[in-house]
Each structure stands twice: as C-alpha cells, then as structure tokens.
Amino acid sequence: MPARGTVALVDAYSSAHRLAPLFRERGYRCVHVRSTPVIPAVYAGSFVAGDFAAEVVHDGALDDTVRQLRAQRPVALLAGIESGVELADELSEALGLRTNGTALSAARRDKFRMAEAVRAAGLRAARQLLTADEDELRAWYEEMAREQGSAGRVVVKPVKSAGNDGVFFCDSPEEAGAAFRAIVGTRSALSLENDAVLAQEYLWGGEFYVNTVSLDGVHHVCDVWKTSHLHANGVRDLLDGAWLLERHGPVQDRLVRYACGVLDALGIRNGPSHTELKLTPDGPCLIETGARVCGGDLPNLVRRAVGESQLEWTADAYTDPERFRSRAQAPYTVREFVSSQAVVAPRPGTLLGYPRLDEVKALESFHEVKMAVAPGERVHRTVNDFTIPLLINLAHPVQDVVLRDFGTVRYLDGEGFYDLA
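Here the structure is a predicted model, which is why all the values come from computation and not from measurement. (Residues numbered from 1 in each chain as written. Predicted model: local features only at pLDDT ≥ 70, side-chain atom pairs only at ≥ 80, totals over all residues. Heavy atoms only, no water.)

Here the focus is the environment of Arg 73. Within the secondary structure, Arg 73 is located in the loop between helix H2 (62-70) and strand E4 (74-79). Residue classification places Arg 73 among the exposed residues on the basis of a relative accessible area of 69%. For the pair Arg 73 and Val 7, spaced 66 residues apart in sequence, the C-alpha to C-alpha distance is 8.8 Å. (Helix = DSSP H or I, 4+ residues; strand = E, 2+ residues; numbered from the N terminus. Buried < 20%, exposed > 50% of the residue type's maximum accessible area, 1.4 Å probe, protein only.)

To continue, consider helix H6 (residues 173-183). Taken residue by residue, H6 has Pro 173, Ala 176, Gly 177, Ala 179, Phe 180 and Ile 183 as its buried positions. Along the axis of H6, the buried residues cluster in a sector spanning 160°; they form a single face. Elements in contact with the buried residues of H6: strand E5 (128-131), helix H5 (134-148), strand E6 (154-157), strand E7 (168-170) and strand E8 (197-201). Where H6 ends, the next residue or the one after it, Gly 185, has phi of about 90°, a positive value. (Arc of directions from axis to C-beta. Contact = heavy atoms within 4.5 Å.)

Opposite charge on two side chains lets them pair, provided their charged atoms get close. This structure, assessed with the given rule, holds 36 salt bridges. The residue Asp 297 makes a salt bridge to Arg 18 at a minimum N-O spacing of 2.7 Å. Residue Asp 297 is located in the loop between strand E13 (283-290) and helix H8 (298-306), and its partner Arg 18 is located in the loop between strand E1 (5-10) and helix H1 (19-25); the two are separated by 279 residues in the primary sequence. Glu 55 is paired through a salt bridge with Arg 34; the nearest N and O atoms lie 2.8 Å apart. Taken together, the positions of Glu 55 in strand E3 (residues 54-57) and Arg 34 in strand E2 (residues 28-34) put the pair 21 residues apart, joining distant regions of the chain. Assessed through its relative accessible area of 34%, Glu 55 is described here as partly exposed. In this structure Arg 34 comes out as buried when scored by relative accessible area, which is 17%. (Salt bridge = Lys/Arg side-chain N within 4 Å of Asp/Glu carboxyl O.)

Below, the discussion takes up the domain arrangement of the protein. The domain boundaries assigned to the protein delineate domain 1 (5-99), domain 2 (127-201) and domain 3 (206-420). Taking the mean C-alpha position of each, domain 2 and domain 3 sit 26 Å from one another. (Domains from an automatic or database assignment.)

Attention shifts here to the packing of aromatic side chains. On inspection of all chains with the given rule, the structure shows eleven aromatic pairs. Residues Phe 169 and Tyr 202 carry aromatic rings whose centres are separated by 6.0 Å and whose planes lie at 80° to one another, so their mutual orientation is edge-to-face. Taken together, the residues Phe 169 in strand E7 and Tyr 202 in the loop between E8 and strand E9 (206-215) connect sequence positions 33 residues apart. Classification of Tyr 202 by relative accessible area gives buried; the value is 8%. Where Trp 243 meets Phe 406, the ring centres are 5.3 Å apart and the plane angle is 75°; that geometry is what we call edge-to-face. In this pair, Trp 243 is assigned in strand E11 (residues 235-245) and Phe 406 in helix H12 (residues 399-412), connecting sequence segments 163 residues apart. For the residue pair Trp 243 and Phe 406, the accessibility class agrees, reading buried in each case. A connected cluster of aromatic rings, assembled from ring pairs, spans Tyr 13, Tyr 43, Phe 47, Phe 52 and Phe 386. Its end group placed over the ring of Phe 208, Lys 226 keeps NZ or CZ at 5.4 Å from the ring centre. Of note, Arg 327 hangs over the ring of Trp 313, and the distance from its end group to the ring centre comes to 4.1 Å. (Phe/Tyr/Trp six-rings, centres within 6.5 Å; stacked < 30°, edge-to-face > 60°. Lys NZ or Arg CZ within 6 Å of the ring centre and 35° of its normal.)

Let us look at the pairing of E2. Side-chain positions along a regular strand alternate between the two faces of the sheet. Across the seven residues of E2, six count as buried, placing the element largely inside the fold. Two elements, E1 and E2, share six bridges in a ladder whose sense is parallel. The residue of E2 that forms the bridge with Thr 6 is Arg 29. Bridge analysis of E2 against E3 gives four bridges, and the strand direction is parallel. (Pairing = 2+ DSSP bridges.)

Attention shifts here to the sheet that holds E1. Hydrogen bonding along the main chain pairs the strands of a sheet, whether they run parallel or antiparallel. The strand order across the open sheet formed by four strands is E3-E2-E1-E4, and the pairing between neighbours is parallel. Pairing within the sheet leaves two strands with one partner each, and these edge strands are E3 and E4. Averaged over all pairs of adjacent strands, the angle between strand axes in this sheet comes to 25°, irrespective of strand direction. In this fold H2 packs onto E1, E2, E3 and E4, with an angle of close to 170° to the strand it touches most, E3. Against the sheet, helix H3 (residues 85-94) touches E1, E2 and E4, its axis set at about 155° to E4. (Axes fitted to C-alpha atoms, helices over the stretch in contact; angles between N-to-C directions.)

As structure tokens, this is what we get:
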C-alpha cells in the first residue's frame, strides 16, 4: 500500500526515536535528517536506522540539504532533540511546511537569547551574563553577591548544552572562575565548541517540567512533572528523578500559564516542547525550553500513566490536525501515577553487579529497570544525565505508594548498591 506521505525527522535520538514508529503506524514513510556528519556518541545507541526509508546528512550547505529533502516530498518536518532545532526551523521554512520559522530560532536554542526573549515579553527571567572573560564573570558574581546581601550562588553553564552537561553551581568567585575554565575550550555533549559561558542567578524553589505540543499557536499540555534533586558527588542540585502530577492544581495552573507564555515569547507555535522551570517565592521562572519532545524516555512512561503522551499528540499535530484541534487543551486523566528515578553511582569502577536490585524489584510500585551500564561494563561517578548507570521506573494507581517507593530506592542506593571491581 502506498504511503500517505513522508515525514522528515531531524536528529531522531533519545525519546524522539519513538516518533518514527508512530508515524509509520499511521501510514507515513519516514526520512531521517542528520544535522551533523557523526551522531553524538551519547545518542548513538538510541538511533534506529531501520525506522527510516532514507537518510539525508546535512554537511552545512542548506541549499543542498533542502534539494535532497524536496526530492523526498515531505509533508511534515520536525526536530527530535536539541541539536536538530535550528536546522529543522530552516528546513521546514524553506520547504513551506508547518514551521516555527527562523525569526526566533536562535532564542529557542541559545539559552542567553532565550531568557532575554522571555524577559522582553514581560515574563520573569533569571538575571544573567554571557561572557568569554573570566575576570568579567568574577566581577559579575561579586556584584550579584552584594545585591543579594550574602555570599550568593550562581549557575555557570555552556550556552548550548544538553543533559545537565557542564552545569556548575558556584558559591564564590573562585568557584565561578573554576567553572569558567572547566567549560571554555571544551566540547559539549553535542560536540559543540564552548567558547563562552552563561552565568545566571540561582533560582531557589522546586523544579518542574511542563511538556506540551502546539499547533498553529494552540498549546496542549501533555504532562506536568515535579523533579527531585540532591547534593551528591560534589554536584549541588543533581537531578535524580521526577514524578508525574495531575493536570490541574494551584501549582500546576500557575506553572502552565507561565510556560505557555514562554512558548509564545519564543515563537513556538508548532510541535512538541519541553519546558523546565522553577517555582520560586516570587513565582515561576524559566530554566530553559527545548523545542522538542521530553528526554529520558518520559513520554513512553506517560503512555502507561495516561494512555497517550507527547509522542501521540505530536503525531496528531502533524498528520491529523483536526483531531488535535478537537481535543486540544482538555485535561489528561492519570490512571496510574509514575516516576522515573536515577541511581547515583558514588565512584567509578568495573561493574560486577547490582546486589540490591532485587529489593527494588520487590517494591509494590516497581514497573521496570532501564539499564545503561550492565555488569562487566564501566561505571562512571554520576555527575549528570549521561553518567547515570540505571533508571528505575515506578507505577501505581496511588501516588503516595509511588512516592514511598521513590524514597525507598534512594535509601537503597549508595555504596552497597554496586559491586565494583
């Protein structure tokens, strides 16, 4: 049977590797666009070449990539992960497809421009500095500390990154300077050269995710999450997990109003978005927004919890817009509460096994284990998303059971959780 059309996906890695099978189930042929000659090593294992009828490798010449894609006659084109956002904007605009356009494309990827665009729209944004000068960074830190009336804290990170790669929490000008030296001159997890740093005020408050899909400026909320952090392995606010919230509530409603304002400020009118924000004493404030599906395979977990996820809503937006419009902005109903939790390896070594994993599997809400490091492989000290050896997903109709077992996993984790050579 002939395909209903062709959908092009730019950098279909991480959670986005689940999009092509969905489009194919709906009768669409899929083409992959690789934004770089080589897939970033941290994502290479998630790419499924067999899901695509063809692949176009972008070599930097936009006209040539447009010509190759036009021959594939796509009816839709979208980004899979961060590295594909700007190229997807350029290609979809050039091909006359549904698009977010290129006018604000840089603000959807560059975290400094992102915050400035949000501030210009009248929404709260973190105070920040973009600099390639360590002395300027130190001086800015001291100015921030004087304004706060204490030693203060700032976050120093790459301008374009992913997975908490290269993020430092600094409590002194010396720590800020050390963070600068650790970032500048290196390459990010996406193989981008770090020639400057972004410093932002530290936001005190709980951190949340708001995941959405948009169609012609109408934003549908697919899921809202509360995240968990701890101070471990020398990292302040190390992300170690998240749990799903119901769609409505005093906190969720405030977060969603702000998040949708951010989408408007960034010109995100079409496609999926993942917004990370904090609820501070002064209200919601943006950490960052990605114009792509949520990572960590959380959308697949939402399928179990709700029945459908950001993935299905994305497929609707691009292939069945009438169905999207007829259901958009209706609240989701949680039939099973879920959480996803990382174990935090305290030191490196060759993994012989996880001695306490059976205790985790015995928990009432245990759902599945996602193993990034198997016995016989090398464990790294966990300092970001890319050094997590194991994810534990929980699911139960009663949220308190999930939260209890979430705490139990954290209790079981530690030195005794790993048998290391």
